[in-house]
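# Residue-level structural notes
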Amino acid sequence: MLTGKEDLLQALIEAYLMEMGTKKFYSYAAEKAMNSEAKKTFRELSEWEGRHMEYIQFLYQSIVEDYDMLGFEEFKNRVESPLTESGIPVKDMEAKVEEYNFMDDRGALTMALEMEGKAYNLYWRFSKGAADTSARVVFKEMMELEAKHIRYLKNLQSKLGIK
């Protein structure tokens, strides 16, 4: 798990793994959601996390000047991603979905906002404490991506009349 003290390359790898864990969780939640809007919301979030992974992969490969896509695919398929970007283990989040088994719009949005808020706070802490200035920039960028998710989810709550 990230501590904020990583150098840039290690920070990118750790951020990639957490994005992967979050994508895995959102895909799982989309499968389990009972409500079609909740399913759609989780699917969209999963796709966003996939784009975050692509962005991080691009940064990493640009820095190391290694554009071997097959090598990165092999890495992605072999590596474990036990944590979501909120710092909560994927299995704990999946258990939460199983426990409540409601996944209506309100429940889906509440859970997603909680995760995205925690992810934002995690990247904020890392951006403040990063020793490597390049890593700090990456953490701030990730923080902004999480802020976009939060705004999207809050707008969706408003649109659906959910408080």
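The coordinates are above.
We now turn to the structure provided with this report.

Parameters and conventions
- Residues numbered from 1 in each chain as written.
- Predicted model: local features only at pLDDT ≥ 70, side-chain atom pairs only at ≥ 80, totals over all residues.
- Heavy atoms only, no water.
- Helix = DSSP H or I, 4+ residues; strand = E, 2+ residues; numbered from the N terminus.
- Buried < 20%, exposed > 50% of the residue type's maximum accessible area, 1.4 Å probe, protein only.
- Contact = heavy atoms within 4.5 Å.
- Core = buried A, V, L, I, M, F, W, Y, C linked by side-chain atoms within 4.5 Å.
- Axes fitted to C-alpha atoms, helices over the stretch in contact; angles between N-to-C directions.
- Parallel < 35°, antiparallel > 145°, perpendicular 65-115°, else oblique.
- Left-handed = near helix turned anticlockwise from the far one by under 90°.
- Nonpolar A, V, L, I, M, F, W, Y, C, P; charged D, E, K, R; others polar.
- Salt bridge = Lys/Arg side-chain N within 4 Å of Asp/Glu carboxyl O.
- Phe/Tyr/Trp six-rings, centres within 6.5 Å; stacked < 30°, edge-to-face > 60°.

### Points about the overall build of the protein chain
When helices and strands are tallied, the protein chain shows 6 helices and 0 strands. Along the protein chain, helices (α) and strands (β) appear in the sequence α-α-α-α-α-α when read from the amino end. Its C-alpha atoms put the protein chain at 45 × 35 × 25 Å along the principal axes. Counting over 163 residues, the protein chain shows a buried share of 46%. If you take every contact in the protein chain between residues at least 6 apart in sequence, the share linking residues at least 24 apart comes to 76%.

### Let's talk about the nonpolar core
Core analysis: the biggest nonpolar cluster contains 24 residues, and F25, Y26, F42 and L45 have the highest contact counts within it. If you list the elements that add at least two residues to this core, you get α1 (8–32), α2 (36–64), α4 (90–100), α5 (105–129) and α6 (133–160). Per element, the largest residue contribution to this core is 6 residues, and it comes from α5. By size, the runner-up hydrophobic cluster in this structure holds 23 residues, among which are A15, L59, L83 and V138.

### Considering the packing of α2 against α5
α5 packs onto α2 with a crossing angle of 25° between their chain directions and a minimal axis gap of 8 Å. Taken together, α2 and α5 sit at an angle that is classed as roughly parallel. The handedness of the crossing between α2 and α5 is left-handed. Note on element contacts: α5 touches α2 through D105, A108, L109, A112 and E116, opposite E37, A38, T41, F42, L45 and E49. Looking at the contact of α2 with α5 residue by residue, the class counts come to 6 nonpolar, 1 polar and 4 charged.

### Here's the deal with the side chain of H149
Mapped onto the fold, H149 is located in helix α6. Taking the relative accessible area as the measure of exposure, H149 reaches 3% and is therefore buried.

### Notes on the pattern of salt bridges
Within this structure, the stated rule accounts for 2 salt bridges. In this structure, E44 engages K40 in a salt bridge whose closest nitrogen and oxygen atoms are separated by 4.0 Å. A residue pair is termed a helical-turn pair when its members lie 3 or 4 positions apart in one helix, as E44 and K40 do in helix α2 at 4 residues. Accessibility expressed as a relative area gives 21% for E44, which makes it partly exposed. On the basis of relative accessible area, K40 is assigned to the partly exposed category, the value being 40%.

### Observations regarding the environment of S36
Of note, S36 is situated in helix α2. Using a relative accessible area of 56% as the deciding quantity, one classes S36 as exposed. Through-space distance from the C-alpha of S36 to that of N77 is 30 Å; in sequence the pair is 41 residues apart.

### Quick look at the packing of aromatic side chains
With the rule as written, the count across this model stands at 6 aromatic pairs. Seen in terms of ring centroids, F25 and F42 are 6.3 Å apart; in terms of plane orientation they differ by 80°. Their pairing is edge-to-face. Taken as a pair, F25 in helix α1 and F42 in helix α2 lie far apart in primary sequence, 17 residues in all. A relative accessible area of 0% means that F25 is categorised as buried. Seen from their ring centres, F126 and F139 are 5.4 Å apart, and the 50° between their planes marks the pair as tilted.

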